[in-house]
Every structure is written in structure tokens, then in C-alpha cells.
Amino acid sequence: MTIYFYKVWQPYGCFSNFSLHPIEIEGVYWPTVEHYYQAQKFVGSDDAVIIPLIHAAPTPDEAAALGRCSTRKLRPDWEIVKIDVMRAAVLKKFLTHPEIREVLLVTGDEVLVENSPTDYFWGCGADKTGQNHLGKILMSVREEIRQLLFLTAITNS
Ligand SMILES: Nc1nc(O)c(N)c(N[C@@H]2O[C@H](COP(=O)(O)O)[C@@H](O)[C@H]2O)n1
């Protein structure tokens, strides 16, 4: 059975990048994966001045609004690096927070889909034909964590 998620207040809301699960990356704490992801769009760009504003945004929606401003200049390699950036942040989130790691692991081998009606890259879009990269990242993070737990168990046995 496919598991659909989207908004944080809906079932499996902890899979959303907007869920309030802080992460620390390279010594910096970010309130949500969304804050981190949106800020990374501007690392090394002419508009890097926006990064502290995204970091300080009171909500992930405000961080996303700042990062989505179409007049700002994204880093030149953004399209190349964005999936790796997102995966690193999502992995960190589920390594950091044991209660949501458990929710992820309990989904077993079910297909996970970000049910965004507008996003055909990270989600499945309105007609379910989207690429669902966030769902794919969550499934690959789930597999990586399973392998890490297995290796830890056999090392300690
Ligand atoms: N608008 C919105 N609300 C939510 O609650 C969401 N989960 C999302 N999806 C996330 O938006 C991010 C993509 O942002 P860009 O379009 O690349 O700026 C990504 O984290 C999606 O998972 N959107």
C-alpha cells in the first residue's frame, strides 16, 4: 500500500520537510530541513546575503517563501546538487530524531509519496505523474538506516 504524506498535520506529517525537527549540519543548527534546503540554494551566489534571513525565518513556510523568490540568483550548480543537498538533510533528520526514525522504519517496504498537488519534482503532482524525489529519498534513507542498524547490531553481538 502506497503511503502518501504532505502537510505536517496530516498522517505521516513527520516525513514533510516542514516538520519541526531541527538538524545540525557543519556546526549550524537549522529549525527544519526546509530552512536548510532553501538556504543552500544561495551558497556562493550573488544573493548569499539572504541565507541568514532564511535561517532566522520564524516558520518553514516563510523560509520557503524567501527561497522561492524568483528575482534572486540561485547558485549556478543548484540543479546538479539539489538532490544530494536534500538527501543529506533528510538523512540527518532521521538520524537525529529517534521517534520519527521509528515511524519511517515501521513503513517497511511501502512506497512513500509526497502528495503535493503542485510539485512534480519533489512530489507526485496533482495527477500523480510527478517524479517524487522526496519520497525516493525517504525510501533510500530508510534503507540506509536499516543497514546502519544491522551493522551496529552485528558489531555489538
Ligand atoms: N508549499 C509546500 N508546502 C508544504 O507543506 C510542502 N511540504 C511543500 N513541499 C516541499 O517544498 C520544497 C520544494 O521547494 P522548492 O519548490 O524547490 O522551492 C521541498 O521541501 C518539498 O518537499 N511545499
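Per an unreviewed UniProt entry, the chain goes by Riboflavin biosynthesis intermediates N-glycosidase and derives from Anabaena sphaerica FACHB-251. Entered under Sequence similarities (unreviewed entry) in the UniProt record, the comment concerning the chain runs "Belongs to the YbiA family."

Student: Which residues make up the overall build of the chain, and what are the values?
Tutor: Scanning the chain for helices and strands turns up six helices and four strands. Going from the N terminus to the C terminus, the chain shows its helices and strands as β-β-β-α-α-α-α-α-β-α. Its C-alpha atoms give the chain a radius of gyration of 16 Å, near enough to 15 Å, the size a compact globule of 157 residues would have. Each of the three principal axes of the chain carries a C-alpha extent, and together these read 50 × 40 × 30 Å. Looking at the chain as a whole, 43% of its 157 residues qualify as buried. For the chain, the share of sequence-separated contacts (at least 6 apart) that also reach a separation of at least 24 residues comes to 60%. Counting only carbon and sulfur atoms, one obtains 60% of the accessible surface of the chain, whose full area is about 8500 Å². Of the side chains in the chain, 15 bear a positive and 19 a negative charge, and the two mean positions are spaced by 2 Å.

Student: Lay out the site of the ligand with the relevant residues and their values.
Tutor: Lining the immediate surroundings of the ligand are 15 residues, of which Asn-17, Glu-34, Tyr-37, Lys-41 and Glu-114 lie closest. At a separation of 2.8 Å, an oxygen atom of the ligand approaches a polar side-chain atom of Arg-68. In the complex, 85% of the free accessible area of the ligand, which totals 510 Å², lies under the protein chains. A per-element tally of the shell around the ligand places helix α1 (residues 33–40) first, with three residues. Of the residues belonging to the shell around the ligand, the class tally is six nonpolar, three polar and six charged.

Student: Explain the nonpolar core to me, and be specific about the residues and the numbers.
Tutor: Formed by 35 residues in total, the largest nonpolar core has its most connected members in Phe-15, Met-86, Val-90, Phe-94, Leu-138 and Val-141. Elements that contribute at least two residues to this core include exactly β1 (3–5), β2 (23–25), α1, α2 (51–55), α4 (78–96), α5 (98–106) and α6 (133–155). Ranked by residue count, the leading element in this core is α4, at eight residues. Residues within four places of Phe-94 in sequence aside, it is in contact with Cys-14, Phe-15, Ile-100, Arg-101, Leu-104, Leu-138, Val-141 and Ile-145.

Student: An account of the packing of α4 against α6 is requested, with residue identities and associated values reported.
Tutor: Here α4 crosses α6 at 50°, and the two axes come no closer than 10 Å. In terms of axis orientation, α4 runs oblique to α6. Classified by chirality, the crossing of α6 by α4 is right-handed. Residue-level inspection shows Ile-83, Met-86, Arg-87, Val-90, Leu-91, Phe-94 and Leu-95 of α4 in contact with α6, the latter providing His-133, Leu-134, Ile-137, Leu-138, Ser-140, Val-141, Glu-144, Ile-145 and Leu-148.

Student: Describe in detail unusual backbone geometry, supporting the description with residues and values.
Tutor: Despite not being glycine, Tyr-12 has its phi angle at roughly 60°, a positive value. Here Tyr-12 shows up in the loop between β1 and β2. Residue Glu-26 is not a glycine yet carries a positive backbone phi of 50°. Glu-26 gets classed as exposed once you look at its relative accessible area, which sits at 80%.

Rules behind the numbers
- Note that residues are indexed from 1 along each chain, following the sequence as it is written.
- Selection of residues for local features in this predicted model requires a pLDDT of at least 70, selection of side-chain atom pairs for listing and counting requires 80 or more, and totals for whole chains, interfaces and linings are taken over all residues.
- Excluding hydrogens and water, the side-chain values take into account all heavy atoms of the structure.
- UniProt positions are given in the numbering used here, feature names are shortened, and annotations may be inferred rather than shown by experiment.
- Only runs of H or I of at least four residues qualify as helices and only runs of E of at least two qualify as strands under DSSP, and these elements are numbered from the N terminus.
- Between the two quantities, the radius of gyration covers C-alpha atoms and the globule rule is 2.2 Å times the number of residues to the power 0.38.
- Only protein chains enter the area calculation, which uses a 1.4 Å probe; residues under 20% of their type maximum are buried, those over 50% are exposed, and those in between are partly exposed.
- Contact definition: two residues touch when any of their heavy atoms are within 4.5 Å.
- Here, Shrake-Rupley sampling with a 1.4 Å probe gives the accessible areas, and only protein chains in the shown set may cover a residue.
- The charged-residue count follows a simple rule in which Lys and Arg add positive charge and Asp and Glu add negative charge, with His and chain termini not counted at all.
- A single reference atom marks each charge: NZ on Lys, CZ on Arg, CG on Asp, CD on Glu.
- Any residue with a heavy atom lying within 4 Å of a molecule or strand is counted as near it.
- Two N or O atoms form a polar contact when they lie within 3.5 Å of each other; inside protein one atom must be a possible hydrogen donor and the other a possible acceptor, and for residues adjacent in sequence the pair counts only when both atoms belong to side chains.
- Ten residues, namely Ala, Val, Leu, Ile, Met, Phe, Trp, Tyr, Cys and Pro, are considered nonpolar, four, namely Asp, Glu, Lys and Arg, are considered charged, and the remaining ones, Gly among them, are considered polar.
- Working definition of a nonpolar core: buried Ala, Val, Leu, Ile, Met, Phe, Trp, Tyr and Cys residues. They are joined through side-chain atoms within 4.5 Å.
- Helix axes are fitted to C-alpha atoms over the stretch in contact, other axes to C-alpha atoms as well, and angles between N-to-C directions run from 0 to 180 degrees.
- Each angle is binned into one of four classes, with values under 35 degrees roughly parallel, values over 145 roughly antiparallel, values of 65 to 115 roughly perpendicular, and all other values oblique.
- Each helix crossing is assigned a hand: it is left-handed if the near helix lies turned anticlockwise from the far helix by less than a right angle, otherwise right-handed if that turn is clockwise.

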